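# Examining the three-dimensional arrangement
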Amino acid sequence: MKKFFTNLGYKFQRFMVGRYGVDQLWRALLIFYLIAIIIANIVYRFSKIAYIALFVLSVALLIFALFRVFSKNIEARRNENNSWLRFTGRIKQNFLFQKNKWAQRKTHKFVKCSKCKKTLRLPKHKGKINVSCPHCQNQFIVNTGKKQ
């Protein structure tokens, strides 16, 4: 029996040669599929039409995920995954920025440049200071609070 499963594993490895395989977008599609199935089962009690719509959506997500795994068009799948990573990277970067902003709220003041709208981090309690934006060289005055 052990030899059977070992041979089955080798056959699957040979089958997957030249195919794209699993990546972060596949994992996200699988998570969205599971969430859609759970929501569909919850909605089933209230609306059969909504259940059918969510079920069809979840099956479509699963089919697309499996299509991506077994696809031989590696470049297209890599581009899709890179787009997904850029999208999620922007979201993660924004949450990390907000987390850092919250952690430094007692020692620093965050202001936006009036010209380029970039966020600048300034030390608190320095009084009025003349600030030069490092991105656009715009100069403006900011009150960071009373000197201690």
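Before going into details, it helps to say that this report is about the structure given with it.

### Digging into the pairing of strand S3 (residues 128–132)
Pairing geometry for S3 and strand S4 (residues 139–143), over five bridges, is antiparallel. Residue pairing across strands places Ser132 opposite Gln139, the latter belonging to S4. Where S3 hands over to S4, the hairpin turn is made up of six residues, of which Gln137 adopts a positive phi near 65°.

### A look at the packing of helix H2 (residues 24–43) against helix H4 (residues 74–103)
Between two packed helices, the angle of one axis relative to the other and the distance separating the axes together describe the packing. Between H2 and H4, whose axes approach to 8 Å, the crossing angle comes to 70°. Considering the angle they form, H2 stands roughly perpendicular to H4. Contacts between H2 and H4 pair Gln24, Leu25, Ala28 and Phe32 from the former with Glu80, Asn81, Trp84 and Leu85 from the latter.

### Remarks on the pattern of salt bridges
Counted according to the given criterion, the structure contains four salt bridges. Where Arg68 meets Glu80, a salt bridge forms, and the shortest distance between an N and an O atom there is 2.7 Å. Linking Arg68 in helix H3 (residues 48–70) with Glu80 in helix H4, this pair joins segments that are twelve residues apart in sequence. Here Glu75 makes a salt bridge to Arg78, at a shortest N to O gap of 3.3 Å. Of this pair, Glu75 and Arg78 both sit in helix H4, three residues apart, which is roughly one turn of the helix. Judged by its relative accessible area of 46%, Glu75 falls in the partly exposed class.

Parameters and conventions
- Along each chain, residues carry numbers from 1 onward, in the same order as the chain's sequence is written.
- Residues qualify for local features only when their pLDDT is at least 70, as the model is predicted, and side-chain atom pairs are given and counted only at 80 or more; totals for whole chains, interfaces and linings, by contrast, use all residues.
- Side-chain figures throughout are based on the complete set of non-hydrogen atoms in the structure, without hydrogens or water.
- Strands are treated as partners if at least two bridges between them are detected by DSSP.
- Elements are defined by DSSP. Helices are runs of H or I of four residues or more, strands are runs of E of two residues or more, and each kind is numbered from the N terminus.
- Axes here refer to lines fitted to C-alpha atoms; in helices the fit is confined to the stretch in contact. Angles between the N-to-C directions go from 0 to 180 degrees.
- Every angle not falling under 35 degrees, over 145, or within 65 to 115 is termed oblique; those three ranges are roughly parallel, roughly antiparallel and roughly perpendicular.
- The contact criterion used throughout is that any non-hydrogen atoms of two residues lie within 4.5 Å.
- Salt bridges are defined by distance alone: a side-chain nitrogen of Lys or Arg within 4 Å of a carboxyl oxygen of Asp or Glu.
- Exposure categories follow from relative accessible area, calculated using a 1.4 Å probe and restricted to protein chains: below 20% of the type maximum is buried, above 50% is exposed, and the middle band is partly exposed.

Keep in mind these values describe shape, not function.
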